[in-house]
Amino acid sequence: MKTELIPVGGTGHLYAERAGDGPPLVLLHGSVHDSRLWNGVFAELARHHTVVRYDARGHGRSTPPTAPFRYEDDLLAVLDHFGFRTAGLVGLSMGGEVALDFTLEHPERVRSLTLIGTSAGGHEWPRSPELDAYAAAQHASDARRVAELELSLWASLGDRAPGFRVIEPMVRENADTGAAAEKGHALDPAEVAVDHLARIKTPTTIIVGADDHPEIHTIAARLTDGIPDARQVVITEADHYLPLRAPGPLLELLLGVA
């Protein structure tokens, strides 16, 4: 495995790891996560692919933003840095949303698209006390509260399920910087993914954990219906942290589609 720092935003950089040989595959983590999300599948994927995982801007070992930026532009910088003309994209949650938006912008650069427990630009979430509390904690930059709500809402299988030893420290370490980075993400409200799903011609697989948030299942159905020829797979005994909860079933799927 080789580690690299990819220049973005002037003096900033993204921390990335590359391993293996074969068709390129890029892994994108979600909000309040970092590239440790892929610990359970990274090494095995590298036996079949050139695999890159990286920490998004302001997460993990990547530098925080100092000006408005776009996660999609950072992904383009990653592909260009490694010389990938095309790559398979695998994104979870926020990472899936970035991969989806990137595919709409740069379809010629994406060989396959795998969306895991993802949201989608333009999808309106229903109000709930828990989600409102989470949004309020992020807005207030209350890292302790963000971490508590993240673990209760999204790691619903708790500490007795696989992967929690990675999940808990990853969430607590990224709760502050990750929320701050999202505030710096320059959104384009005129272009929302849910209005353009039919444009996606890239082979697409939608994966969701059986124990993920109910609205994630609603979004998965919406994406499956809207993206031509997309297929949906539900993995049992997995919540929003599916790559750490059920790495075996996920690995089998990724090797079949990526």
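Remember, it's a predicted structure, so these values are computed and weren't measured experimentally.

(A) Layout of the pairing of strand E3 (residues 24–28). Across the five residues that make up E3, a large majority, five, are buried. Sheet topology note: the E3/strand E4 (residues 50–54) ladder contains four bridges and is parallel. Bridge pairing in E4 places leucine 25 opposite valine 51. As paired strands, E3 and strand E5 (residues 87–92) are joined by four bridges and run parallel to one another. By the bridge assignment, valine 26 is partnered in E5 with leucine 89.

(B) Up close: empty space enclosed by the protein. The full count for this structure, using the stated rule, is one cavity of 30 Å³ or more. What the largest cavity holds in volume is close to 80 Å³. What lines the largest cavity is Leu27, Leu28, His29, Tyr54, Ala56, Arg57, Tyr71, Asp74, Met94, Gly95 and Val98. When residues in the lining of the largest cavity are grouped by element, the largest group, three residues, is from helix H3 (residues 94–105). Taken together, the residues of the lining of the largest cavity sort by class into seven nonpolar, two polar and two charged.

What counts, and where the lines are drawn
- Every residue gets a number counted from 1 within its own chain, in the order that chain's sequence is written.
- In keeping with the predicted nature of the model, local features appear solely for residues at pLDDT of at least 70, side-chain atom pairs appear and are counted solely at 80 or more, and the whole-chain, interface and lining totals rest on all residues.
- Derived side-chain values reflect all non-hydrogen atoms in the structure, with water molecules and hydrogen atoms excluded from consideration.
- For each residue, the accessible area found with a 1.4 Å probe, counting protein chains only, is set against the maximum for its type, and the residue is called buried under 20%, exposed over 50%, and partly exposed in between.
- Where helices and strands are cited, they refer to DSSP runs of H or I of at least four residues and of E of at least two residues respectively, numbered from the N terminus.
- At least two bridges found by DSSP between two strands are what make those strands a pair.
- Cavities and pockets were defined on a 1 Å grid built from protein atoms only: a cavity is a group of points that admits a 1.4 Å probe but offers it no way out, a pocket is an open group of points flanked by protein on both sides within 12 Å along at least five of seven lines, and a lining residue is one with an atom within 4 Å of any such point.
- Grid points are joined across faces, edges and corners, and a volume is the space filled by probe spheres set on the points.
- Ten residue types, Ala, Val, Leu, Ile, Met, Phe, Trp, Tyr, Cys and Pro, are classed as nonpolar, four, Asp, Glu, Lys and Arg, as charged, and the remainder, Gly among them, as polar.

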